[in-house]
Structures are given as C-alpha cells and as structure tokens.
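Below are the chains, spelled out letter by letter.
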Amino acid sequence: MEKTVPSTNSIKIYELIYYIYFLVLFGAKAVGLYDGQTLYNACLVLGVLAFGAKVLSTRHNLAEYLVMASILSVGALTYLCSGEKGLLLYFTMMLGMKSINEERVMRIGLWVLGASYFILYLMAVTGIIPELNHMNRRTGYGYLLRHSLGYPYPNTTHTTLLILLILFFYLYKADSIKQLLKASIIAMLLNLYIYAYTVSLTGLLSITIYLAVNLYLQARTHRSGLENALIRLLFPAIVIFSIVGPLLARGSVFTFLNKLLHKRYEYALYFLTNEKITLFGSYFKKPPTNWYMLDNSFLYLFLQLGVIPFAVVCILYLLWIKRLVSENKTRELAIIITFCFIGMSDPFLFNLSYKNLTFIFLGKWLYDALTKQADKYPAILKKEFLILPFGEKELACKPLFSSKAKSFFAGPFYEIGTHIIKYALIFAIIGMIGSVCYSKAVAEPQVLYVNTKIADPYFKHKNIEMTQEEVDLALAEGNIVEGYNPEDPTMYVFKKKAPHMEYIRSIISCGLWTGLISVLLISVIRVIRKE
C-alpha cells in the first residue's frame, strides 16, 4: 500500500505576523468586545504591536515608507484631535497588506467570525450569557423586545451577520448562477431569521442589497458603459447626499427623507449646524438627548474625523473603485456598493467596529499601484529596507485537517447540495412538526417584565417593584422576566404583543433547529452508508 505524504504549506513569518494582527483585532470584535473593556484594550495594544512588527519584517522601499508615514500621521492626528481611533486602526489594516494574500485574510475572518457568531448566538438564546436587549416601539406593531444575541446592540448583531455573509460569498466559488442563487436564498432566510430577533431594518436591507448586487454582478458578465459609469458615480453621489443633502433639503422633501432614514437627516442637520468643520476632527458637544447620533459613516468621516482624513479616504476609494470597474472585480464591487448604501445609516465604515473589510483590498491595491509606479521614482525612493530580516524566513505549516477529515465534514454538505429540493422538503416538514409540537407543549406567556436599562427610554410605561418571590412566581406562570436585579427592583410591564413576539420567536427557533438537525443527521447517515 502506497504511503500518503502529508501536504504542507509554507508561510513567511511576516505573513504570519499580519494574520496574528488581524486575528487579534477582528477576533476581538467577533466575540463582542468593545472599547473601554480591559480585555479589548489589551487586544488593541497587541494588535498595534503586531502591525509594527509586520511593517518592520517586510521589505519596503523608501517611497512606501513615506506613504505609510503620511497616512498614519493623518490617522494619528485625527485620534489626537477627536479621540476617535477607528480610522487609525483601519489604516493599519490597509498598510499591513504588503505581500499578503487577501483570500487568506478573508478565510481567517470567516472561520473566526463564523465560530464566534454561532457560539454567541447559542449562549445568548440558552441564557448562558446575558443579552444587551432593548425595548422598542415599532409602527404598526407596538412594543417588542429587540435581541442583541451576545453583541453590544441589535444593529451590531445584524451588521455583523452582513460581514459574515460577505466573507462567505467572497470565498464561495459557485459553479453556476443557479448554484449562487441557491446559496443566496439560504442566506436570505438566515437574514430574515436574525431580523426576527434584532428587528434591525438597516441590517435586513443591507444584506438584501448585498445578495441582490452580488447575484446581479456575477450574472452580468459584460456590463454596459452606462452601468460602469453609474457604479463609479455611486460613491461620490452618496457622499454628497450624506453631507450636503441635510443642508439643502427643505419642506416636504426634508420630511420625506428624514422619515425614510428614521430621523437621521434631522440628527445630521443638528450636527452640521452645531459642530465646527475642522482639519483633523474634534470632540463633539453633548447632544440634547441620547437619540442624537451620527449614524452616517460619510458624515461622521467628514465632520467628526475632519476634512483631511475625509479627503484622503475619498481619494483612495475613488481610485480603487475605478480599478475595480476596469478589471471587473465583481466580488469587491458587490462589497463596496453595499457599503455605500449601508454607510448612510450606520457609522461602522470608519469607526472602531473594525468591520470595514474594504481596507484589506485598498491595501492590496495601494501597494500594487506603488509598485507599478516604482520605475518612475528617483533612485533614492527605490532604495529598499528590511529592518527585521527574520520576516522573510519561511515556515512549513501542516494543514489543520487531513484530506480525509475534510472529506468527512464536506460530505454531508455535498449530499445536501446535490439533493437540495429533497432536503428542503425534509427541513420544511420536520421544522413545521417541531414548531407545532412546541406551540402545543408550551403555553404562551402573557407578560414580559424588563428592567430599567432595557426599557430605556420608555420610562412613562407601566412599572412595578418586584421581589424575588414575585419574579419566581412570574416565571412559574410561564411569563418572561428580563434583567431583574434585587438592588434595582423596578420592572416595566409589557403585555399582549411584546410577550407574544417572544413566543413566536421561540416557535420559529424550535422549528428551525428541529429541521436543521434532522437534515444534518439524515445527510451524515447517507454519506456513511455510501462509504
């Protein structure tokens, strides 16, 4: 019998350092850490040190060092003037991409975020970790509880799902448009399921836009000149709409746009008329209420971070998008088009979220562009430096999983993919049975009790003070108690629709997991039998 030679992949040390850098900073956000926490601050320090080590262990010419120093100086000055360090971190993401394979970075992101998202979801719905939930009054429905599923805020949960799906579809090589459509439908169902918990319209729409644009660009292999022109104009048009729009819109037009964007135009106008336009950003004055937030990424970049950072980022994006269009890089185009739209209602593109993956591609493009221009540089700018020579040493890396293990884990998914209609029917039937069984076995709760923090800002709503005995009694009666603390016993009482929505969510989740587990078990059994 012939022996199998174990396969190895080589990796240079400077590559490994960048992957560690990305793993630390992206992983910190993937597991729900946020600014101010000691552990997150430690991750920031470790990430910055890793970035420094990556730059010093990579061969750069003097021109590249000057570009890096200029861009990092902009980020540092912005941080000093405004206290906002998100853009500086994004610049490190971009400038560390010299000689780095972007697909490897995306694959690391997919594994880290995929595992983190699933584990946080399971721990949140089972009550192992507390959720940072919020009561919200929705037009046409009434009061309901928005779930964060382990993340700091429901909108964060849904935009994190967007990033997860972007990572997946960027790496997913569909054999046909039909196959891509199937995957997109499954992703849309997941989108709707998470929406049932987060009730994030921004998240729901952003994923819908991404799936539609990605499908369109993949199907449309030859675009017209008009289509390409519209793609190139999209970024500057949305930037102008975000910054100039609130100042120019009047009367019914302003009212319509403000309603369409959930009062974001109103808040944008407040900041535009009450804050100064500065070169490198500024600290904002305290707004009238906590509802006043700068939720537009482009306005945030211009007003909070300053005109110079705004100009630098816009120039980088405009040049990069031009390159994407000319080279027909559809996967990257789908990402930036989606980010243009979501940027109007979410500040994550340039804040400390560390979810704007376009800076990975911006870094790759930037170094490619500098390399192409290298022949035009004077001799002194061409001079190369390698401060830490060990960075170019290669390490032999064995795959984490053997080919047999990969085949075993991939088998059930291949089985499901090749018999998708059959398994979809199995999922639907067993899922419906699971939902019906849950609705028959578990009584619907009649009251939802939430603490002051969750109820904020609906303090005028009915509230009572509860003892531990009353909480235990409410739970025994099948009602829901969220966030009870004996030191602050005030609990807000929500009846009818709020507890009903919690019941509906439980029914849906029971059906979904019953159907999903059944499909996976059946596919595994069939794969084992075939072997």
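Residues numbered from 1 in each chain as written. Predicted model: local features only at pLDDT ≥ 70, side-chain atom pairs only at ≥ 80, totals over all residues. Heavy atoms only, no water.

Novice: Pulling in residues and values, what's your account of the overall build of the chain?
Specialist: Within the chain, the secondary structure is distributed over 22 helices and 10 strands. Its C-alpha atoms give the chain a radius of gyration of 25 Å, near enough to 24 Å, the size a compact globule of 531 residues would have. Projected onto its principal axes, the C-alpha positions of the chain cover 80 × 75 × 50 Å. Expressed as a percentage of its 531 residues, the buried residues of the chain come to 47%. About 27,100 Å² of surface is accessible on the chain, with carbon and sulfur atoms providing 67% of the total. Here the chain contributes 51 positively and 34 negatively charged side chains, and the mean placements of these two sets differ by 7 Å. (Helix = DSSP H or I, 4+ residues; strand = E, 2+ residues; numbered from the N terminus. Rg over C-alpha atoms; globule rule 2.2 N^0.38 Å. Buried < 20%, exposed > 50% of the residue type's maximum accessible area, 1.4 Å probe, protein only. Areas by Shrake-Rupley, 256 points an atom, 1.4 Å probe, with all protein chains shown as cover. Lys, Arg positive; Asp, Glu negative; His and termini not counted. Charge placed at Lys NZ, Arg CZ, Asp CG, Glu CD.)

Novice: Provide a residue-level description of the packing of aromatic side chains, including the pertinent values.
Specialist: One pass over the full model with this rule turns up 39 aromatic pairs. Between tyrosine 18 and tyrosine 21, the aromatic rings sit 5.2 Å apart at their centres with planes inclined by 45°, giving tilted as the arrangement. You can see tyrosine 18 and its partner tyrosine 21 sitting in helix 1 (residues 13-30), 3 residues apart, about one turn around the helix. Across the pair, tyrosine 21 and tyrosine 18 agree in class, each one buried. A centroid spacing of 5.6 Å and a plane angle of 35° characterise the contact between tyrosine 117 and tyrosine 151, whose relative ring orientation is tilted. On the criterion of sequence distance, the pair formed by tyrosine 117 in helix 5 (residues 102-125) and tyrosine 151 in the loop between strand 4 (142-146) and helix 6 (154-171) is long-range, its members being 34 residues apart. Tyrosine 151 shares its class with tyrosine 117; the two are buried. (Phe/Tyr/Trp six-rings, centres within 6.5 Å; stacked < 30°, edge-to-face > 60°.)

Novice: Which residues make up the confidence of the model for the chain, and what values do they have?
Specialist: Residues of the chain with pLDDT of at least 70 account for 97%, and the chain-wide mean is 91. Across residues 1-8 the pLDDT falls below 50, and counting only partners more than four positions away or on other chains, this stretch makes 5 contacts in the model. (pLDDT = per-residue confidence, 0-100. Contact = heavy atoms within 4.5 Å.)

Novice: Could you give an account of empty space enclosed by the protein, with specific residues and numbers?
Specialist: One pass over the structure, following the stated rule, counts 4 cavities of 30 Å³ or more. The volume enclosed by the largest cavity comes to roughly 50 Å³. Lining the largest cavity are Phe241, Ser242, Leu261, Arg264, Tyr265, Ala268, Asn296 and Met344. Put simply, the parts of the chain that give the lining of the largest cavity at least two residues each are helix 9 (225-243) and helix 12 (264-274). A breakdown of the residues in the lining of the largest cavity according to their chemical character gives 5 nonpolar, 2 polar and 1 charged. (1 Å grid on protein atoms, 1.4 Å probe; cavity = no way out; pocket = protein on both sides within 12 Å on 5 of 7 lines; lining within 4 Å. Points joined across faces, edges and corners; volume = space filled by probe spheres on them. Nonpolar A, V, L, I, M, F, W, Y, C, P; charged D, E, K, R; others polar.)

Novice: Outline the sheet that holds strand 7 (residues 447-451), supporting the account with residue identities and numerical values.
Specialist: In space, the 4 strands of this open sheet follow the order 8-10-7-9, with mixed pairing throughout. Strands at the two margins of the open sheet, each flanked by one partner only, are strand 8 (463-465) and strand 9 (480-482). Adjacent strand axes in the sheet meet at a mean angle of 30° when their direction is disregarded. In terms of strand pairing, strand 8 meets strand 10 (residues 490-495) through 3 bridges, oriented antiparallel. Following the sheet pairing, asparagine 463 is matched in strand 10 by tyrosine 492. (Pairing = 2+ DSSP bridges. Axes fitted to C-alpha atoms, helices over the stretch in contact; angles between N-to-C directions.)

Novice: Which residues make up helix 3 (residues 62-82), and what are the values?
Specialist: Between the first and last C-alpha of helix 3 there are 30 Å, a value that for 21 residues agrees with the 30 Å anticipated at 1.5 Å per step. Those residues of helix 3 not exposed but buried are Ala63, Glu64, Tyr65, Met68, Ile71, Val74, Gly75, Thr78 and Ser82. By the N-cap criterion, in which a side-chain oxygen at the helix start approaches the backbone nitrogen of a residue two or three places on, helix 3 is capped by asparagine 61, the distance to alanine 63 being 3.2 Å. Once helix 3 finishes, glycine 83 follows within two positions and takes phi at roughly 80°, a positive value. (Expected span 1.5 Å × (residues − 1). Polar contact = N/O pair within 3.5 Å; in protein donor to acceptor, adjacent residues only side chain to side chain.)

Novice: Describe in detail the nonpolar core, supporting the description with residues and values.
Specialist: Counting residues in hydrophobic clusters, the biggest one holds 118 residues, and the most contacted among them are Phe22, Phe350 and Phe359. Element by element, the count of residues in this core is highest for helix 1, at 12 residues. Other than its neighbours up to four places away in sequence, phenylalanine 359 contacts Leu87, Tyr90, Phe91, Met93, Met94, Tyr317, Leu349 and Phe350. Met135, Leu145, Ala455 and Tyr458 belong to the second-largest nonpolar core, a separate cluster that totals 12 residues. (Core = buried A, V, L, I, M, F, W, Y, C linked by side-chain atoms within 4.5 Å.)

Novice: For the state of the cysteines, give the residues involved together with the corresponding values.
Specialist: The final tally for this structure, using the stated rule, is 0 disulfides. Note on cysteine 314: no disulfide assigned, nearest cysteine sulfur contributed by cysteine 340 at a separation of 10 Å. (Disulfide = S-S within 2.5 Å.)

Novice: Residues and numbers for the pairing of strand 4, please.
Specialist: Of all 5 residues that make up strand 4, 5 are buried, and the element is covered over most of its length. Both strand 3 (residues 134-138) and strand 4 contribute to a ladder of 5 bridges, which runs antiparallel. Looking at strand 4, one finds that arginine 137 is bridged to tyrosine 143. In this antiparallel pair of consecutive strands, strand 3 and strand 4, the connection spans 3 residues, and glycine 140 shows a positive phi of 90°.

Novice: Pulling in residues and values, what's your account of the pattern of salt bridges?
Specialist: For the structure on display, the rule yields 13 salt bridges. Bridged by salt links that share partners, the residues Glu103, Lys173 and Arg331 form one connected network. (Salt bridge = Lys/Arg side-chain N within 4 Å of Asp/Glu carboxyl O.)

Novice: Explain unusual backbone geometry to me, and be specific about the residues and the numbers.
Specialist: Here the amide bond leading from aspartate 456 into proline 457 is cis, since omega sits at 10°, within 30 degrees of zero. Tracing the chain through its elements places proline 457 in the loop between helix 20 (452-455) and strand 8. You will see that leucine 149, though not glycine, has its phi angle at about 50°, which is positive. Considering the arrangement of structural elements, one finds leucine 149 in the loop between strand 4 and helix 6. One non-glycine residue, lysine 496, lies in the positive phi region at around 65°. Considering the arrangement of structural elements, one finds lysine 496 in the loop between strand 10 and helix 22 (497-530).

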